[in-house]
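Next come the chains, spelled out residue by residue.
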Amino acid sequence: MKQLLILLLTSLLITSCQKEKISLAANAHDTFFLENRGSAMPIRVHGNTASKTFIMMIHGGPGGDAIVYRSEYVKSNVESEFAMVYWDQRNSGASQGNRNRQYDDIAYFIEDFEKVITVLKHRYGSDISIFVNGHSWGGFLTPAFLQKGNNQQQVKGWIQSAGAHNIPLLNQYAIQMLLEKASIEIAAGRNTEKWTEIKDYCEGITLPMSNEESRQINIYSAEAQTITPEIPKGIPAARDIYQIYTENHLPLIQLFFPYNPVTGSLADWLFQGQEVSTGMSTITVPTLLLFGKWDFVCPAPLADDIEQRIQSSFVRKRVLENSGHGLMAGADKEVYWEEVLDFVRRFR
């Protein structure tokens, strides 16, 4: 009996030490967690892992989630060719763990980012090609990640999708854009009450802006998306997001509260006027800049600041004519994703 017990324990020990076997597939659906500093962050990998090419979606917020980018169009036209990585950042989306207030700092978000890439290369092979796609707040986190140490060596390219890399510059462009559009819409007699409210607020601001003013401009910018006639479909319809959540077996409470209200200290820090423009000259990886013409949240001229500063041998910039902030799911989604796919094909 004693010998049998020893044999069983030895067998369990050997089994527990064996490396998990990961099979590459044309239609993979993998879910696993990164545990780091009190947070368990889900990483969902969908699509063609056999391609050895992975596109990481770095979501907005702070406090949003990544799975909202997994539309029917992405499933059919992107995941069929490459693998998509949907990572929920700490204190965001479906991440688990306590509040982790002591780790609500961009340095730890960058550390998580680095570990996600380490996990991906451990699971799928050190030879995989990774492209990082930052949207909104993710467009601040991604260049911050690229500017640290040798992180650029871990990726093949950077996609900036309506990203917020410079808050003071963003606010300057947003105010200018809101004022110009407000004048046009008021003169046309469309949504005059709301546009007058926006116009009056913007005219009362003097730079530099306070944290509260910066937040309010962000709110007005989001509201402007919903009353700008040039945006046929700037963000996914509620039914589309509902479908994404149900198909991926996510709790519906996450649908109604997509932004974690406790991710406050990082947002406070960000809206105080942070920027990563000054370090852009260190970025040399191929870069694709995609912005929406009617994006008040992250105005298109932000792309010019990046284009002028980075030292990449390849930089492509495109402003989508019918898009707002949600350009990857709006009226120009086919154009957006074809730009992304062409870029990935070229540099994979």
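Residues numbered from 1 in each chain as written. Predicted model: local features only at pLDDT ≥ 70, side-chain atom pairs only at ≥ 80, totals over all residues. Heavy atoms only, no water.

### Thoughts on the packing of helix α6 (residues 192-203) against helix α7 (residues 211-226)
Then, number 1: Where α6 meets α7, the closest approach of the two axes is 11 Å, and the angle between their N-to-C directions is 155°. The angle between α6 and α7 falls in the class roughly antiparallel. Helix-helix and strand crossings are classified by hand; for α6 and α7 the assignment is left-handed. In this structure, α6 contributes K194, W195, E197, I198, Y201 and C202 to the contact, and α7 contributes E212, E213, Q216, I217, Y220, E223 and A224. (Axes fitted to C-alpha atoms, helices over the stretch in contact; angles between N-to-C directions. Helix = DSSP H or I, 4+ residues; strand = E, 2+ residues; numbered from the N terminus. Parallel < 35°, antiparallel > 145°, perpendicular 65-115°, else oblique. Left-handed = near helix turned anticlockwise from the far one by under 90°. Contact = heavy atoms within 4.5 Å.)

### Observations concerning the side chain of D30
Then, number 1: Position of D30 among the secondary structure elements: in strand β1 (residues 28-36).
Then, number 2: One buried charged side chain, D30, makes no salt bridge at all; its nearest oppositely charged neighbour is R123, positioned 4.3 Å away.
Then, number 3: Polar side-chain contacts of D30 include one of 2.7 Å to the side chain of Y124.
Then, number 4: In this view, D30 contacts I43, R44, V45, R123 and Y124; residues no more than four positions away in its chain are not counted. (Buried < 20%, exposed > 50% of the residue type's maximum accessible area, 1.4 Å probe, protein only. Lys, Arg positive; Asp, Glu negative; His and termini not counted. Salt bridge = Lys/Arg side-chain N within 4 Å of Asp/Glu carboxyl O. Polar contact = N/O pair within 3.5 Å; in protein donor to acceptor, adjacent residues only side chain to side chain.)

### Description of the pattern of salt bridges
Then, number 1: What the rule picks out here adds up to 24 salt bridges.
Then, number 2: Between R345 and E81 there is a salt bridge; the shortest N-O distance is 2.8 Å. With R345 in helix α12 (residues 333-347) and E81 in the loop between α2 (72-77) and β4 (83-87), this residue pair connects regions lying 264 residues apart in the sequence.
Then, number 3: For R345, a relative accessible area of 35% translates into the label partly exposed.
Then, number 4: On the accessibility criterion, E81 (25% relative accessible area) is partly exposed.
Then, number 5: The closest approach of N and O atoms between E197 and K194, which form a salt bridge, is 3.3 Å. Here the residue E197 and the residue K194 both occupy positions in helix α6, the gap between them amounting to three residues, near one helical turn.
Then, number 6: One network of salt bridges, with partners in common, ties together E81, E338, D342 and R345.

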